[in-house]
Structure formats: structure tokens, C-alpha cells
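A look at the structure
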Amino acid sequence: MANKGWFYVALTCVFELIWVYGFNVATVWWHWIPIIAVILVDFQWLARACETLPTGTVYAVFAAVGTVGAALMDIFLFGGSFSVAKGGFMALLVIGVIALKLADGKAADSTGAAGQGG
């Protein structure tokens, strides 16, 4: 079941980047119609991911992919600048999400073992 949850996390991350891109390129009112539709679908998948995975981990991945993805889109698609500090903070976000996932897995192992021993 957890693999299905990670599939939904991947979908929600891709769609998040699509609507963030849409925010930058929308120039007339009707451009917002597909953007809003993508956001609604995206949040459905976010909720589905939270059904089988820890919500904190799902949201951390969602937020980190959106933040790093938006920063990279700004640099590569919209002419933004890159700095060592910007790169370092993006790396820190990725490290934080990985550490959260690892810590979450260890907490689940220790509580699962404690619950079985009693």
C-alpha cells in the first residue's frame, strides 16, 4: 500500500510544478481555469498519498519539491539568478526531507517493536 502512496506523492509533485509554472505564464483570465483544475486534482492526490503515508512526510516532500522546483524553474525558465547560497539552501531542503523520512521510518520501527512485545 505504501508504494501506491508514493505514486500519489510523485503525481502531486509533478502537478504542483505544473500549476506553479502556470502561475508564471498566465496572462489572461481564462488561463486560470486549467490552473485551478490542476490544483484541485493535485490536492486530491495529496490527500490520497496521506491515506497510506505519514502526513508530515508527504507534506515535507510536496513542499520541498515545490520549493526546489520553483527555484529551478525561476533559474532555468524565467531568467532568475543562481547563487551558492540559493543552491545550498535547496540542498538543505532535500537533506531535511530525506532525514525526516529516515527518522520517520526509525520511529515506526521502534513503536512497532514495542507494540508487539507487550
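Residues numbered from 1 in each chain as written. Predicted model: local features only at pLDDT ≥ 70, side-chain atom pairs only at ≥ 80, totals over all residues. Heavy atoms only, no water.

1. Describing the packing of helix H2 (residues 32-52) against helix H3 (residues 55-76)
Relative orientation and spacing of two packed helices are given, respectively, by the angle between their axes and the distance between those axes. Our working definition: Convention adopted: a line fitted to C-alpha atoms gives each axis, helices being fitted over their contacting stretch, and angles between N-to-C directions are expressed from 0 to 180 degrees. Runs of E in the DSSP output that reach at least two residues are strands. Runs of H or I that reach at least four are helices, and both are numbered from the N terminus. Crossing chirality is assigned from the near helix's rotation relative to the far helix, an anticlockwise turn below a right angle marking it left-handed and a clockwise turn marking it right-handed. We call two residues contacting when some pair of their heavy atoms lies within 4.5 Å.
Running from amino to carboxyl end, H2 crosses H3 at an angle of 145°, the nearest separation of the two axes being 9 Å. Helix-helix and strand crossings are classified by hand; for H2 and H3 the assignment is right-handed. When H2 is examined against H3, the residues Asp42, Phe43, Leu46, Ala49 and Cys50 are found in contact with a partner set consisting of Thr55, Val58 and Phe62.

2. Describing the nonpolar core
Where we set the bar: The definition of a nonpolar core used throughout is a set of buried Ala, Val, Leu, Ile, Met, Phe, Trp, Tyr and Cys residues joined through side-chain atoms within 4.5 Å. Exposure classes here rest on a 1.4 Å probe applied to the protein chains alone. A residue is buried below 20% of its type maximum, exposed above 50%, and partly exposed in between.
Of all hydrophobic cores here, the largest spans 20 residues; its most connected members are Val9, Trp19, Ile35, Ala49, Val58, Val61 and Val97. What Ile35 contacts, discounting residues up to four positions off in sequence, is Trp19, Gly22, Phe23 and Ala26.

3. What about a nonpolar patch on the surface?
Heads up, the condition is: Only residues whose relative accessible area exceeds 30% and that take part in no salt bridge are eligible for patches, with like-charged residues grouped when within 9 Å of each other and nonpolar side chains (Val, Leu, Ile, Met, Phe, Trp, Tyr) grouped when within 5 Å. To be clear on the numbers: accessible area is Shrake-Rupley with a 1.4 Å probe, and residue cover counts the displayed protein chains and nothing else. Salt bridge, as used here, is a side-chain nitrogen of Lys or Arg placed within 4 Å of a carboxyl oxygen of Asp or Glu.
A contiguous nonpolar patch, built from Tyr21, Val25, Leu72, Phe76, Leu77 and Phe78 and spanning about 560 Å² of accessible area, is present on the exposed surface. Among the secondary structure elements, those contributing two or more residues to the nonpolar patch are helix H1 (2-25) and H3. With respect to the helices, strands and loops of the structure, Leu77 is situated in the loop between H3 and helix H4 (84-117). Of the residues examined, Leu77 reaches a relative accessible area of 52% and is grouped as exposed.

4. Focus on the environment of Ile35
Of note, Ile35 is situated in helix H2. Taking C-alpha positions, Ile35 is 7.7 Å from Phe23, a pair spaced 12 residues apart along the chain.

5. Describing the packing of aromatic side chains
Stated precisely, the cut-off is as follows: Pairing of aromatic rings covers Phe, Tyr and Trp, the last through its six-membered ring, and needs centres within 6.5 Å; plane angles under 30 degrees mean stacked, over 60 mean edge-to-face, and all others mean tilted.
Applying the stated criterion to the full structure yields 8 aromatic pairs. Seen in terms of ring centroids, Phe23 and Trp32 are 5.4 Å apart; in terms of plane orientation they differ by 40°. Their pairing is tilted. For Phe23, a relative accessible area of 40% corresponds to the partly exposed category. Taken together, the ring pairs in this structure connect Trp19, Phe23, Trp32, Phe43, Tyr59 and Phe62 into an aromatic cluster.

6. Remarks on the side chain of Asp42
Short version of the rule: His is not counted, nor are the chain ends; Lys and Arg add positive charge and Asp and Glu add negative charge. As used in this structure description, the phrase polar contact means that two N or O atoms lie within 3.5 Å; if the pair is within protein, one of them must be able to donate a hydrogen and the other to accept it, and residues adjacent in sequence are counted only when both atoms belong to side chains.
Inspection of the secondary structure assignment puts Asp42 in helix H2. Comment: no salt bridge for buried Asp42; closest opposite-charge side chain is Arg48, at 12 Å. Here the side chain of Asp42 touches Trp19 through a polar contact of 2.7 Å, side chain to side chain. Excluding its chain neighbours within four sequence positions, the residues that come into contact with Asp42 are Leu11, Thr12, Phe15, Glu16, Trp19 and Phe62.

7. Some thoughts on the confidence of the model for the protein
We apply this condition: For every residue, the predictor reports its confidence as pLDDT, a number between 0 and 100.
Per-residue pLDDT for the protein has a mean of 88; in total, 87% of the residues score no lower than 70. When pLDDT is averaged over each helix and strand of the protein, the minimum, 76, is found for H4 and the maximum, 96, for H2. Low pLDDT (under 50) marks residues 113-118, which in the prediction has 0 contacts with non-local residues, meaning those over four places away or in another chain.

8. Points about the environment of Asn24
Following the sequence through the fold, Asn24 ends up in helix H1. Given the relative accessible area of 47%, Asn24 is considered partly exposed. Looking at Asn24, its side chain comes within polar contact range of the main-chain oxygen of Val20, at 3.1 Å.

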